[in-house]
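Geometric and topological summary
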Amino acid sequence: MTQTGRAALFFGPGAKLELAELPVPEPEPGALVMRVTRANICGSDVHIWRGDGALADRGRREDGRVIGHEMTGVVHSLGPGVDRDWSGAPLRPGDRIVCQYFAPCGRCRLCLRGRAEACLRQHRAFVGKPSEFPHFRGAFADYFYVRPTMAVFKVPDEVGDVLAAGVNCALAQMVMAFDRAQVSMGDRVVVQGAGGLGLYGAALARECGAGQVVVIDGVDERLALARQMGADETVDFREFGSPEDRAARVRELTDGGGDVVFELAGHPSAIPEGIRMTARGGKYLELGTFYEGTPVEVDPGYLVMNNITLQAVSFYDARSLAGALAFLARRAGDLPLARAAADYPLEAINEALADQAAGKAARASLVMS
Ligand SMILES: [Zn+2]
Ligand SMILES: [Zn+2]
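Residues numbered from 1 in each chain as written. Chains lettered and ligands numbered in written order. Predicted model: local features only at pLDDT ≥ 70, side-chain atom pairs only at ≥ 80, totals over all residues.

All right, on to the sheet that holds strand 2 (residues 18-23) then. Spatial ordering of the open sheet is given by 2-1-4, a layout of three strands whose pairing is antiparallel. A strand with exactly one partner marks an edge of an open sheet, and here the two such strands are strand 2 and strand 4 (65-66). Examined bridge by bridge, strand 1 (residues 4-10) and strand 4 share two bridges and lie antiparallel to one another. When the bridges of strand 4 are listed, F10 appears paired with R65. (Pairing = 2+ DSSP bridges. Helix = DSSP H or I, 4+ residues; strand = E, 2+ residues; numbered from the N terminus.)

Below, the structure is given as structure tokens:
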């Protein structure tokens, strides 16, 4: 009899996710099947679930799709030819792993230029019917199919599941962004939003030798975590209620703005004020708003006259995932995020999404059993 596993199917914004039993696939050569142990509700999942911007028209498929992408798990089965992870470490069933949730092709024009994150033929998670092989295309399920071109690494023992679950999205994404932004010693770094991305942004800024780290958010728990993760100063959204007030406060704290400012709030409205938080000659990195359809107004003269560089980053390369794990292996013991998850069983996925969307949980996380 074919073994099956549960998957939460998404039928479109506004519809409740429903659990279904899907067959566990036999991995092809080069692939493997992961048994998911923990999957976080990422800000991106909330955007998809709510149907923000152009996402409103997505996912309305009769057969649903398996969403979710921020996860960790153990090797369930290895396809022919797979006996090592991408760093050469031996891989066996039961080993704890993290993997990319998308698959750069490795041979298109952009992959060949070292821009795997912008791959022209990237295979994305979620795409395809759950009824068709390999069925398990997203993290909100008991299993995840790891394609041959998805980077996979063993998780060091010192990194627990709560931290490991955030590696393949939030942390690896930030490692990539820091690489692109070339944050250097003494930089004043400003982070808009203290979700998963923002908290790691604060920690990585410290790691890179930032002279000052300022984080903006409006939730007490997240502001406290931001300080523990490395922020020197926090700006409370509730205290500085207007975009002008917030930008002025950041410029005051940083003596003229951040040399590097990251938009990690996931609200397009954060962009105009974030640009005003950027110092002359600084860089503004856009990561938080990944969906189209919500344009904002930007004053080009302000950018030009202040020599501000705008840059946007999505996805990451295999090296960023390896770098993220190396960072965690060293810092796992002193990162408060190791204790910050609010756990839900897979059956409670609708509640977990609602709580994350309402800001009731700093990080809602599904624990599979
Ligand atoms: Zn490619
Ligand atoms: Zn994510």
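Let's pick the thread back up.
This part is about the domain arrangement of the protein chain. When its domains are assigned, the protein chain resolves into domain 1 (4-165 + 335-367) and domain 2 (173-312). Each of domain 1 and domain 2 has a C-alpha centre, and these two points are 27 Å apart. Taken together, the 16 residues of domain 1 in the interface contact 17 residues of domain 2. Here the element with the most residues in the side of domain 1 that touches domain 2 is helix 1 (residues 43-50); it accounts for three residues. (Domains from an automatic or database assignment. Contact = placed C-beta atoms within 7 Å.)

With that settled, the discussion passes to the packing of helix 4 (residues 167-181) against helix 10 (residues 318-331). Direction vectors running N to C along helix 4 and helix 10 enclose 105°, while the axes themselves pass 8 Å from each other. Compared by their axis directions, helix 4 and helix 10 come out roughly perpendicular. Contacts between helix 4 and helix 10 pair V167, N168, L171, A172, V175, M176 and D179 from the former with S320, L321, G323, A324, L325 and L328 from the latter. Across the contact of helix 4 with helix 10, the residue classes tally to nine nonpolar, three polar and one charged. (Axes fitted to C-alpha atoms, helices over the stretch in contact; angles between N-to-C directions. Parallel < 35°, antiparallel > 145°, perpendicular 65-115°, else oblique. Nonpolar A, V, L, I, M, F, W, Y, C, P; charged D, E, K, R; others polar.)

The six strands lie next to each other as 11-10-9-12-13-14, forming an open sheet whose pairing is parallel. The sheet terminates laterally at strand 11 (233-236) and strand 14 (309-312), the two strands that pair on one side only. For this sheet, the mean angle separating the axes of adjacent strands, direction not counted, is 15°. Note: strand 9 (residues 188-192) against strand 12 (residues 258-263), four bridges, orientation parallel. By the bridge assignment, V191 is partnered in strand 12 with F262.

Pairing of strand 13 (residues 278-286) with strand 14 involves four bridges; the strand directions are parallel. Paired with K283 across the strands is T309, a residue of strand 14. A crossover links strand 13 with its parallel partner strand 14, the connecting element being helix 9 (residues 300-305), and its sense is right-handed. (Right-handed = clockwise from strand over helix to strand, strands pointing away.)

Running from amino to carboxyl end, helix 4 crosses helix 5 (residues 196-207) at an angle of 50°, the nearest separation of the two axes being 9 Å. Between helix 4 and helix 5, the crossing angle belongs to the class labelled oblique. Crossing geometry of helix 4 relative to helix 5 is assigned as right-handed. Where helix 4 approaches helix 5, its residues A170, L171, Q173, M174, V175 and F178 are matched on the opposing element by G196, L197, Y200, G201 and L204. Looking at the contact of helix 4 with helix 5 residue by residue, the classes come out as eight nonpolar, three polar and no charged. (Left-handed = near helix turned anticlockwise from the far one by under 90°.)

What follows is about the nonpolar core. Within the largest apolar cluster, 116 residues are counted, with the highest numbers of intra-cluster contacts made by M34, F140, A141, F144, A202 and L321. Here this core gathers at least three residues from each of two domains, domain 1 (4-165 + 335-367) and domain 2 (173-312). (Core = buried A, V, L, I, M, F, W, Y, C linked by C-beta atoms within 7 Å. Buried ≥ 20, exposed ≤ 12 C-beta atoms within 10 Å, placed from the backbone.)

All right, on to the environment of L9 then. With respect to the helices and strands, L9 occurs in strand 1. Looking at L9, the number of C-beta atoms within 10 Å reads 23, which means it is buried. Spatially, the C-alpha atom of L9 lies 40 Å from that of T309, the residues being 300 residues apart in sequence. Beyond its immediate sequence surroundings of up to four residues, L9 is in contact with L17, E18, A20, G64, R65, V66 and P130.

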